Amino acid sequence: MSKRSNWALPYFIFLVLFVVLPLVLIVVYALQDGNGGFTLSNVSRFFTDSDALSTFAVSIEVAVENTLICLLLGYPAAYILADRNLNKSAVTVILFILPMWINALMRTLATAELFNVFGFTLGKGTLLFGMVYDYLPFMIYPIYNVLLKMDKSYSEAAADLGATPIQVFGKVTLPLSMPGISSGILMVFMPTVSTFAISEFLTNNKIKLFGTIIQENINSSMWNYGAALSLIMLVIIGLTTILLGGDEREVQGGTI
Amino acid sequence: MKKTLAQAYIWLLLVLLYAPIVFIAIFSFTEARTLGNWTGFSFELYKNIFSGGVNGGAGLMAAIKNTLIIAFIAAAVSTLLGTVSAIGIFNLKGRKKKTIQFLNNIPMINPDVITGVSLFLLFVFLHFSQGYLTVILAHISFCTPYVVLSVMPKLGQMNPNIYEAALDLGATPAQALRKVLIPQLRPGMVSGFILAFTMSLDDFAVTFFTRGTIGLETLSTYIYADARKGGLTPELRPLMTLIFTIILVLLIIMNVRQARSDKKKR
């Protein structure tokens, strides 16, 4: 039995090489100048780079708005899907989750084409719309999962003890579904900040998000600055994850 | 009343969610070069893909081929690595187990861009010339965690004594693995493989950063370049439709299998 625990060793080495080392390298490159000497100038450059700063602000704004809209639209949907009295069909659940597995780039292009055909001007509005399209399933799924596993006897007990349906929801169901909500926020907020390509297509290059700046710098061989921007994003990811008690286990059920 | 309202809401969201996909699918059955023009029903665009009669069609065909080869190799290797590792992790205890599970979670939490940039820097740092191999390695690194998580529950459901019994009855460890362990884990491995395959098929950002400058195109990077040139090549409409359909079928198979095995358990 003890020998089989060694079977994890190759993967451990693989993870160190292809996950840990690359992340360490982001930090290393971010703190290096072109000649390999230590410097903080890449990081400090971000704080004086008005272009990057405004993009950063826009990204956070769009991400917050997108997350809020997804939560407002997604929570009721997850609630309905998880309620056996309101929804008996498993197919609808699968239909909601399917888009998660379809290339976001393709879905985005399809959405952008649809906007074009109907004559909408591409800009902030279409960006938000497209983002909600792309990320709504990522909000619904974790909340649905938590609601489905929730012990119904709590809300039944609350109702028996005289709570109104609104009270049951506000005092029992909602607090118990918080883990799902934080997973959902995590899965919508972070990808929105970091997407590239998607925002360009949805706004006809008018609005850039943070991921795009990283990509532009890396592609024009500004590796150190690109790494510094990635590092800033990593810090934000770390903070959000800690803030939300980052545990995505609800989401990672393997099968959908 | 409440139920009707709830159902209406669900279906309204679904209609909105699927509108762009359905729209593309409908207009894949007409010849018009501009999207939104209906010039009569036709399979012309589908024929063009398979006969290579697309403007720059060779590029598109090569991109499809690359995408499938990369997805297949990445999924196969991930399934092998992930299954072996899941068995290992399952038998680990304490801090070692926690550490490797934590590391296993990182690629799933990391946004694509970070995964892409970090691997790009790795290959630059190691002076590893980027191309096919680096893309496949990158895909293995973000696919394997999903295989591990698909196989782990199956290990939990398994009776550990069966494997020991096989050994006691004279099976070599290799035989016990092949005849006892693998058949029990197969459903998890199949789910893991399908998951890894679709993840790889879907990936854009990681491929974009790790493909180097040798002109390697996958479908995603091809579509990206195409859309940047302004307007989608019409042949991408039937192609997207086909991909949507394939993924749809794969996922439905996977979910039906899951539902069946759940039922069996009960």
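Given the structure is predicted, the values throughout are model-derived calculations rather than measurements. Numbering of residues starts from 1 in each chain and follows the order in which that chain's sequence is written. Chain letters start at A and ligand numbers start at 1, both assigned in the order the entries are written. It should be noted that, the model being predicted, local features are given only for residues of pLDDT at least 70 and side-chain atom pairs only at 80 or more, the latter also being counted only at that level, while totals for whole chains, interfaces and linings use all residues.

1. Thoughts on the overall build of chain A
For step 1, the next point in the chain: In terms of helices and strands, chain A carries twelve helices and zero strands.
For step 2, the next point in the chain: Counting from the N terminus, the helices are the DSSP runs of H or I reaching at least four residues and the strands are the DSSP runs of E reaching at least two. Along the chain direction, N to C, the helices and strands of chain A fall in the order α-α-α-α-α-α-α-α-α-α-α-α.
For step 3, the next point in the chain: Each of the three principal axes of chain A carries a C-alpha extent, and together these read 70 × 65 × 30 Å.
For step 4, the next point in the chain: Considering chain A as a whole, with its 256 residues, one finds that 45% of them fall into the buried category.
For step 5, the next point in the chain: At a minimum sequence separation of 6, the contacts of chain A that also span at least 24 residues come to 74%. Neighbour density around each residue's C-beta defines its exposure: 20 or more other C-beta atoms within 10 Å make it buried, 12 or fewer make it exposed, and counts between make it partly exposed, where C-beta atoms are placed from the backbone. By the convention adopted here, residues are in contact when the distance between their C-beta atoms, placed from the backbone, does not exceed 7 Å.

2. Observations regarding the overall build of chain B
For step 1, the next point in the chain: A tally of regular secondary structure across chain B gives eleven helices and zero strands.
For step 2, the next point in the chain: Secondary structure elements in chain B, listed N-terminal to C-terminal, are α-α-α-α-α-α-α-α-α-α-α.
For step 3, the next point in the chain: A total of 266 residues make up chain B; the buried ones form 44% of that total.
For step 4, the next point in the chain: Of all intrachain contacts in chain B linking residues separated by at least 6 positions in sequence, the fraction that spans at least 24 positions is 76%.

3. Focus on the interface of chain B and chain A
For step 1, the next point in the chain: With 66 residues of chain B at the contact, the number on the chain A side is 68 residues.
For step 2, the next point in the chain: Counted by class, the side of chain B that touches chain A contains 50 nonpolar, 14 polar and two charged residues. For this classification, Asp, Glu, Lys and Arg are treated as charged, while Ala, Val, Leu, Ile, Met, Phe, Trp, Tyr, Cys and Pro are nonpolar and the rest, including Gly, are polar.

4. Observations regarding the packing of helix 1 (residues 9–30) of chain A against helix 5 (residues 112–125) of chain B
For step 1, the next point in the chain: Helix axes are fitted only over the stretch in contact, all axes being lines through C-alpha atoms; the angle between N-to-C directions runs from 0 to 180 degrees. Where helix 1 of chain A meets helix 5 of chain B, the axes come as close as 8 Å, and the angle between the chain directions of the two elements is 80 degrees. By the angle between their axes, helix 1 of chain A is roughly perpendicular relative to helix 5 of chain B. For the pair helix 1 of chain A and helix 5 of chain B, the contacting residues are Leu21(A), Pro22(A), Leu23(A), Leu25(A), Ile26(A) and Tyr29(A) in the first and Val117(B), Ser118(B), Leu119(B), Leu121(B), Leu122(B) and Phe125(B) in the second.
For step 2, the next point in the chain: Partitioned by chemical class, the residues of the contact of helix 1 of chain A with helix 5 of chain B number eleven nonpolar, one polar and no charged. Oblique is the label for any angle not covered by the other classes, which are roughly parallel (under 35 degrees), roughly antiparallel (over 145) and roughly perpendicular (65 to 115).

5. A word on the environment of Asn219(A)
For step 1, the next point in the chain: By secondary structure assignment, the location of Asn219(A) is in helix 11 (residues 210–219).
For step 2, the next point in the chain: Note: C-alpha distance between Asn219(A) and Ile237(A) (18 residues apart in sequence) is 23 Å.

6. Some details on the nonpolar core
For step 1, the next point in the chain: The biggest cluster of nonpolar side chains holds 142 residues, and the ones touching the most others in it are Ile26(A), Ala78(A) and Ala196(B).
For step 2, the next point in the chain: Looking at this core element by element, the count peaks at 14 residues for helix 6 (residues 124–149) of chain A.
For step 3, the next point in the chain: Among all residues touching Ala196(B), those that are not within four sequence positions of it are Ala74(B), Ala75(B), Ser78(B), Thr79(B), Cys143(B), Tyr146(B) and Val147(B). In this description, a nonpolar core means buried residues of the types Ala, Val, Leu, Ile, Met, Phe, Trp, Tyr and Cys, linked to one another by C-beta atoms lying within 7 Å.

7. Focus on helix 1 (residues 2–26) of chain B
All names here are of chain B.
For step 1, the next point in the chain: Working rule for helices: expected span equals 1.5 Å times residues minus one. In this model helix 1 runs 34 Å from its N-terminal to its C-terminal C-alpha over 25 residues, within 8% of the 36 Å that 1.5 Å per residue would give.
For step 2, the next point in the chain: Maximal helix bending in helix 1 amounts to about 50 degrees, located at Ala19; proline Pro20 follows within four positions.
For step 3, the next point in the chain: Looking only at helix 1, the buried set comprises Ile10, Leu13, Leu17, Pro20, Ile21 and Ile24. A residue's bend is the angle separating two fitted axes: one through the seven residues that end there, the other through the seven that start there.

8. Thoughts on unusual backbone geometry
What is expected of a backbone is that most residues other than glycine have negative phi and most peptide bonds are trans.
For step 1, the next point in the chain: Positive phi outside glycine occurs at Ser221(A), with the angle close to 65 degrees.
For step 2, the next point in the chain: Non-glycine residue His127(B) carries a positive phi angle of around 55 degrees.
For step 3, the next point in the chain: Residue placement: His127(B) occurs in the loop between helix 5 and helix 6 (132–157).
For step 4, the next point in the chain: What makes His127(B) exposed here is the crowd of 6 C-beta atoms within 10 Å.

9. Topic: the confidence of the model for chain A
All names here are of chain A.
For step 1, the next point in the chain: A score between 0 and 100, pLDDT records how confident the predictor is in each residue. Averaged over all residues, the pLDDT of chain A equals 84, while 94% of them reach at least 70.
For step 2, the next point in the chain: Mean pLDDT in chain A bottoms out at helix 4 (residues 90–97), which sits at 78, and peaks at helix 1, which reaches 94.
For step 3, the next point in the chain: Segment residues 248–256: pLDDT under 50, and 30 contacts once partners within four positions in sequence are set aside and those in other chains are kept.

10. A look at the confidence of the model for chain B
Low-pLDDT stretches of the model should not have their predicted coordinates read in fine detail.
For step 1, the next point in the chain: Confidence in the prediction of chain B, expressed as mean pLDDT, is 85, and 95% of residues score 70 or more.
For step 2, the next point in the chain: The ipTM, which scores confidence in the relative placement of chains, is 0.84 for this predicted complex, and the corresponding pTM is 0.84.

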